[in-house]
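# Observations on the three-dimensional arrangement
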Amino acid sequence: DAVQRAIVESSNSDADEKVTVIDLCSGKGYLSMFLSELLPEDKVERFVLVDKAWAIASKETTLELKPHHMNWDHIYGVNPRTEESYFTTWPIPLYTSKQNLKQSCNQ
């Protein structure tokens with residue numbers, strides 16, 4: 001409820017302006033998945049899930065996940081029944097970003 005109020009109140013100044021929500025140390029992104037279902041799509045443009053365990057989000061360079069990477073099939077995978085990408089099924093899109101916040105170059 002508090003997040004919903006903050007999003008709506010912060011975007012009241014410009015009706016066309018949408019916010020981007022940054023989910024730091026997101027883990028698998030449960031909070032962002034939950035908020036994607038709850039928050040108004042006309043107020044939030046995207047969620048960026050930041051964690052050091054994500055693979056670099058590039059289909060050209062990341063063909064398979066390594067053992068130390070977090071599995072992202074719930075975000076970028078394909079539903080075997082419908083052949084539709086999960087990425088397109090979230091009401092508000094979820095993006096991943098590999099960042100180690102403890103390194104000084106990422107602070």
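The present account deals with the structure reproduced in this document. Source: prediction; values computed, not measured.

## Considerations on the overall build of the protein
If you tally the helices and strands in the protein, you get three helices and three strands. In the protein, the order of α-helices and β-strands from amino to carboxyl end is α-β-α-β-α-β. In the protein, which comprises 107 residues, the share counted as buried stands at 32%. In the protein, the proportion of contacts linking residues at least 24 apart, taken out of those at least 6 apart, comes to 59%. With the model as given, the accessible surface of the protein reaches about 7200 Å², and the carbon-plus-sulfur share is 53%.

## Some remarks on the sheet that holds strand S2 (residues 44–51)
One open sheet holds the three strands; their spatial order is S1-S2-S3, and the pairing between them is parallel. Both outer strands of the open sheet, strand S1 (19–24) and strand S3 (94–98), are each paired with one neighbouring strand and no more. Strand-to-strand twist in this sheet, taken as the mean axis angle between neighbours without regard to direction, amounts to 25°. As paired strands, S2 and S3 are joined by five bridges and run parallel to one another. Bridge pairing in S3 places aspartate 51 opposite lysine 98. Along the sheet, helix H2 (residues 30–38) makes contact with S1, S2 and S3, crossing S2 at roughly 170°.

## A few points about a nonpolar patch on the surface
Together, Leu31, Phe34 and Leu38 give the surface a local cluster of nonpolar side chains, amounting to about 320 Å² of exposed area. By the secondary structure assignment, leucine 38 is in helix H2.

## Considering the side chain of serine 32
Within the secondary structure, serine 32 is located in helix H2. Within the structure, the side chain of serine 32 is placed 2.7 Å from the side chain of aspartate 23, a separation counted as a polar contact.

## Observations regarding unusual backbone geometry
The phi dihedral of cysteine 25 falls on the positive side, at around 50°, and the residue is not glycine. Checked against the element boundaries, cysteine 25 lands in the loop between S1 and H2. Positive phi, close to 65°, is recorded for glutamate 83, a residue that is not glycine. For glutamate 83, a relative accessible area of 60% puts it in the exposed group.

Each value, and the rule that gives it
Residues numbered from 1 in each chain as written. Predicted model: local features only at pLDDT ≥ 70, side-chain atom pairs only at ≥ 80, totals over all residues. Heavy atoms only, no water. Helix = DSSP H or I, 4+ residues; strand = E, 2+ residues; numbered from the N terminus. Buried < 20%, exposed > 50% of the residue type's maximum accessible area, 1.4 Å probe, protein only. Contact = heavy atoms within 4.5 Å. Areas by Shrake-Rupley, 256 points an atom, 1.4 Å probe, with all protein chains shown as cover. Pairing = 2+ DSSP bridges. Axes fitted to C-alpha atoms, helices over the stretch in contact; angles between N-to-C directions. Patch = residues over 30% accessible without salt bridge, like charges linked within 9 Å, V, L, I, M, F, W, Y side chains within 5 Å. Salt bridge = Lys/Arg side-chain N within 4 Å of Asp/Glu carboxyl O. Polar contact = N/O pair within 3.5 Å; in protein donor to acceptor, adjacent residues only side chain to side chain.

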